[in-house]
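Survey of secondary and tertiary structure
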Amino acid sequence: MKLYDTQQRAVVPLDARPGATMRMYVCGITPSDATHVGHAATFLAFDVLQRRLQDLGCRTRCVRNITDVDDDLLARARAVGVHYLDLAAGSLAAFDADMDALGLLRADAEPRATSAIPDIRRLIGRLLSSGHAYRSSGGVYFDTSAAQSFGELSRLDGVQMVELARRRGGRPDDPNKRRPLDFVLWQPSSVGEPEWSASWGLGRPGWHVECSALALTHLGETIDVHGGGSDLVFPHHECSRAQSEAATGRRFVRHWMHTSMVRSGGAKMSKSAGNLVVVSDLRARWAPMAVRLALLGEHYRADWEWSEASVVTATRRLERWRAAGRGDGALAQVRERLDDDLDTPGALDAIDAAAARRVPVSDAAALLGVTL
Ligand code: ZN
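Residues numbered from 1 in each chain as written. Predicted model: local features only at pLDDT ≥ 70, side-chain atom pairs only at ≥ 80, totals over all residues. Heavy atoms only, no water.

What about the domain arrangement of the protein?
- Assigned domains within the protein: domain 1 (2-263) and domain 2 (301-367).
- With centres defined by C-alpha atoms, the gap from domain 1 to domain 2 works out at 32 Å.
- Tallying the contact residues gives 18 residues for domain 1 and 15 residues for domain 2.
- A combined buried area of about 1600 Å² lies between domain 1 and domain 2, and 55% of that area is made up of carbon and sulfur atoms.
- Together, Arg 52, Ser 260 and Arg 263 form the three largest contributors to the area buried by domain 1 at its contact with domain 2, with a combined 36%.
- Counting across the interface, domain 1 meets domain 2 through 3 salt bridges.
- Residues Arg 52 and Asp 339 are paired through a salt bridge, measuring 2.7 Å at the closest nitrogen-oxygen approach.
- Along the contact surface separating domain 1 from domain 2 lie 10 residue pairs in polar contact (both at pLDDT 80 or more).
- Elements represented by at least two residues in the side of domain 1 that touches domain 2 include exactly β1 (2-5), α1 (37-55), β10 (253-259) and β11 (262-264). (Domains from an automatic or database assignment. Contact = heavy atoms within 4.5 Å. Buried area = accessible area lost by both parts, 1.4 Å probe. Salt bridge = Lys/Arg side-chain N within 4 Å of Asp/Glu carboxyl O. Polar contact = N/O pair within 3.5 Å; in protein donor to acceptor, adjacent residues only side chain to side chain. Helix = DSSP H or I, 4+ residues; strand = E, 2+ residues; numbered from the N terminus.)

Here it is, written out as structure tokens:
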């Protein structure tokens, strides 16, 4: 099959031979809020990829981390007056219920940052001893001058990277850094925040190093497909790549996959914009399979605007597909569409065409994770 690779900026063949194990790592959630449509669309794209890889005869091993210690989570726990791990537990239960309802495959491992502190410390220790990281004022920072290919994933120049880092919490003006793009691996905790001991000082890990440590522990030094939302390309994945390759001397990721941003009311869906459409609200009013089908109607790489009308369309679609009966009509066409950079809108059209001729389409729908 062919799939767009963010680093190469092109649709390229994905090496997925029958019998091979495809190791996938999808950046998961910070469990501080309800799951919105943008999250669901991202995890759904990886879910469909995983289903097609299994259909091709591959084994898949998919890891999705949980960032359960993080600035946003700690701030929200403080604001609502609960322990941060209690807030995380409640949010995770709701997330699991949403994903199960939409028919997503469960991850093979869902490691939590707070359970991976020894792995994270080990990775930071490796980077310090190899000269890729330095200690400063109780923290540890990655030295980007020691990573020659820094910027090759996002293809941004230095000025653009500093600007994006500033907007996305990278603190380029932190006086403890040698260079603005150096990033934190370990930081002293503020008063009231959780902290762990390390030979370089009490504190907590940075976000980027969490994913590298978990990927190394659960999947090994090179991952087949790694990704998440496109807002993670920089700085998160650029930094994950730099530190992983610095530690192992090997290529970290064979194929980078990123999903589009979803808009609502004309703006990118985000908590700060106040325009979140949350999955629990949708599935209270619509059949979860119709919500899944509505999301599959958009290509994973094209930015799109959420509209509830898409669930109405999807509900009618489901009825037509169910009326066509059980069988393997359109299966070959759906496979062909998925192998062309996960063209789910094209796959839905192929099933529509078969169902219109009263050809049974339940197997083709099942390949998309849609149960009729
Ligand atoms: Zn990550």
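Topic: the pattern of salt bridges
- What the rule picks out here adds up to 37 salt bridges.
- Arg 76 serves as the salt-bridge partner of Asp 33, at 3.4 Å between the closest nitrogen and oxygen. Highlighted residues: Asp 33 in the loop between β3 (21-26) and α1 and Arg 76 in helix α2 (residues 71-80), separated in sequence by 43 residues.
- Asp 33 gets classed as partly exposed once you look at its relative accessible area, which sits at 28%. (Buried < 20%, exposed > 50% of the residue type's maximum accessible area, 1.4 Å probe, protein only.)

Some remarks on the packing of helix α4 (residues 117-129) against helix α6 (residues 207-219)
- Running from amino to carboxyl end, α4 crosses α6 at an angle of 100°, the nearest separation of the two axes being 9 Å. Judged by the inter-axis angle, α4 sits roughly perpendicular to α6. Contacts between α4 and α6 involve Asp 119, Ile 120, Leu 123, Ile 124 and Arg 126 from the former and Val 209, Glu 210, Ser 212, Ala 213, Leu 216 and Thr 217 from the latter.
- Class assignment for the residues of the contact of α4 with α6 results in 6 nonpolar, 2 polar and 3 charged. (Axes fitted to C-alpha atoms, helices over the stretch in contact; angles between N-to-C directions. Parallel < 35°, antiparallel > 145°, perpendicular 65-115°, else oblique. Nonpolar A, V, L, I, M, F, W, Y, C, P; charged D, E, K, R; others polar.)

A few points about the sheet that holds strand β12 (residues 267-268)
- Strand order in this open sheet of 3 strands is β12-β11-β13, and the pairing throughout is mixed. At either margin of the open sheet sits one strand with a lone partner, and together these are β12 and β13 (304-305).
- Taken together, the 2 bridges between β11 and β13 define a ladder with parallel strand orientation. Opposite Val 262, over in β13, you have Trp 304 as the bridge partner. (Pairing = 2+ DSSP bridges.)

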